[in-house]
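# Coordinate analysis (summary)
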Amino acid sequence: QQQVKQSPQSLIVQKGGISIINCAYENTAFDYFPWYQQFPGKGPALLIAIRPDVSEKKEGRFTISFNKSAKQFSLHIMDSQPGDSATYFCAASIMIQGAQKLVFGQGTRLTINP
Amino acid sequence: DAGVTQSPTHLIKTRGQQVTLRCSPISGHKSVSWYQQVLGQGPQFIFQYYEKEERGRGNFPDRFSARQFPNYSSELNVNALLLGDSALYLCASSFVPRDRPNYGYTFGSGTRLTVV
């Protein structure tokens, strides 16, 4: 099953708070899990990514937690800022016949209130 | 450095017409992928091209076709447009189909296609 389920659909967090977005997958052939940030009128921009042999990756205020046994991963945004307001997509990568295919979640619209 | 450039930025077509969308990858990138993003959803994989050959195709009808040119730019063609083809069409480039160590694409800003 090549689906990635993402929740919540929308999230409102106060400035300085922690934003948490969750994703789950079924296909164990996925071997790379990136998160993308998308602003209105723009394409998705790679934010941070993790491989399944790592349980956590941190880059600045952004952290991915990965639970391979549960087939779940999450994005944590620490000290959330109004500039973080955007739509966030989790994705999972699979190689099929020499092509890299990204399967995206449905997206989470994050609003950071000042 | 120029990023991934797509043209046109916006397009309005009538049902049944044909459309061609264009993409120029980042200089040096040889792989181009196309994604369709319907409003309110995540992007869906359409094609990946590498060295002018189709390497992968998503679950899209034969009305969708693409090609890659010797300079690695790419065109996506959609024939017999349906209302449901209205979406943001995204092009992404990478050096090879899967770049190490980041494994990530760089996306363009997309072409917003509206079918009326």
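Described in the following lines is the structure provided in the data block. Quick caveat: nothing in here was measured; it's all calculated off a predicted structure. (Residues numbered from 1 in each chain as written. Chains lettered and ligands numbered in written order. Predicted model: local features only at pLDDT ≥ 70, side-chain atom pairs only at ≥ 80, totals over all residues. Heavy atoms only, no water.)

Assigned secondary structure in chain A consists of zero helices and 11 strands. When the helices and strands of chain A are listed from N to C terminus, the series reads β-β-β-β-β-β-β-β-β-β-β. Against the 2.2 N^0.38 benchmark of 13 Å for 114 residues, chain A shows a C-alpha radius of gyration of 14 Å, consistent with a compact globule. Viewed in the frame of its principal axes, chain A has a C-alpha envelope of about 45 × 30 × 20 Å. Taken across its 114 residues, chain A has 46% of its residues classed as buried. Across chain A, contacts joining residues at least 24 apart in sequence account for 54% of those joining residues at least 6 apart. (Helix = DSSP H or I, 4+ residues; strand = E, 2+ residues; numbered from the N terminus. Rg over C-alpha atoms; globule rule 2.2 N^0.38 Å. Buried < 20%, exposed > 50% of the residue type's maximum accessible area, 1.4 Å probe, protein only. Contact = heavy atoms within 4.5 Å.)

Sheet strands pair via backbone hydrogen bonds, and the direction of the pair is either parallel or antiparallel. All names here are of chain A. With respect to topology, five strands assemble into an open sheet ordered 1-3-8-7-6, the strand pairing being antiparallel. Unpaired on one side and paired on the other, strand 1 (4-7) and strand 6 (56-59) mark the two borders of the sheet. Strand after strand, the sheet turns through a mean of 15° between neighbouring axes, direction not considered. Looking at chain direction, strand 1 and strand 3 (residues 19-25) are connected through four bridges and run antiparallel. Its bridge partner lying in strand 3, Ser7 is registered against Asn22. (Pairing = 2+ DSSP bridges. Axes fitted to C-alpha atoms, helices over the stretch in contact; angles between N-to-C directions.)

Turning to the layout of surface pockets, a few remarks are in order. A probe as big as a water molecule, rolled over the atoms, marks out the empty space that is left. Estimated volume of the largest pocket: approximately 580 Å³. Per-element accounting of the lining of the largest pocket gives the leading share, three residues, to strand 9 (residues 86-96) of chain A. Its volume calculated, the second largest pocket comes out at about 410 Å³. Residue lining of the second largest pocket: 18 residues in total, with Gln2(A), Gln3(A), Val103(A), Phe104(A) and Gln44(B) positioned closest to the centre. Contributing elements (two or more residues each) for the lining of the second largest pocket: strand 1 and strand 10 (99-104) of chain A together with strand 5 (44-50) of chain B. With four residues, strand 10 of chain A is the single largest residue contributor to the lining of the second largest pocket. When its residues are assigned to classes, the lining of the second largest pocket shows seven nonpolar, nine polar and two charged. (1 Å grid on protein atoms, 1.4 Å probe; cavity = no way out; pocket = protein on both sides within 12 Å on 5 of 7 lines; lining within 4 Å. Points joined across faces, edges and corners; volume = space filled by probe spheres on them. Nonpolar A, V, L, I, M, F, W, Y, C, P; charged D, E, K, R; others polar.)

As a further point, take the environment of Asp79(A). All names here are of chain A. Here Asp79 is to be found in the loop between strand 8 (72-77) and strand 9. Given the relative accessible area of 40%, Asp79 is considered partly exposed. Between the C-alpha atoms of Asp79 and Ile18, which are 61 residues apart in sequence, the distance is 5.9 Å. Those residues in contact with Asp79 that sit more than four places away from it in its chain are Gly16, Gly17, Arg61 and Asp84.

Taken together, the contact pairs 24 residues of chain A with 21 residues of chain B. Together chain A and chain B conceal approximately 1,700 Å² of surface at their shared face, both sides included; 51% is due to carbon and sulfur atoms. The three residues of chain A that bury the most area against chain B are Pro44(A), Gln100(A) and Phe104(A), which together make up 28% of that side's buried surface. Summed over the shared surface of chain A and chain B, the number is four residue pairs in polar contact (both at pLDDT 80 or more). (Buried area = accessible area lost by both parts, 1.4 Å probe. Polar contact = N/O pair within 3.5 Å; in protein donor to acceptor, adjacent residues only side chain to side chain.)

To continue, consider the pairing of strand 3 (residues 19-24) of chain B. Residues and elements named next belong to chain B. As paired elements, strand 1 (residues 5-7) and strand 3 share three bridges and run antiparallel to each other. In the sheet register, Ser7 faces strand 3, and the bridge partner there is Arg22. Relative to strand 8 (residues 74-78), strand 3 runs antiparallel, the two being bridged by five bridges. Bridge assignment links Arg22 to a residue of strand 8, and that residue is Glu75.

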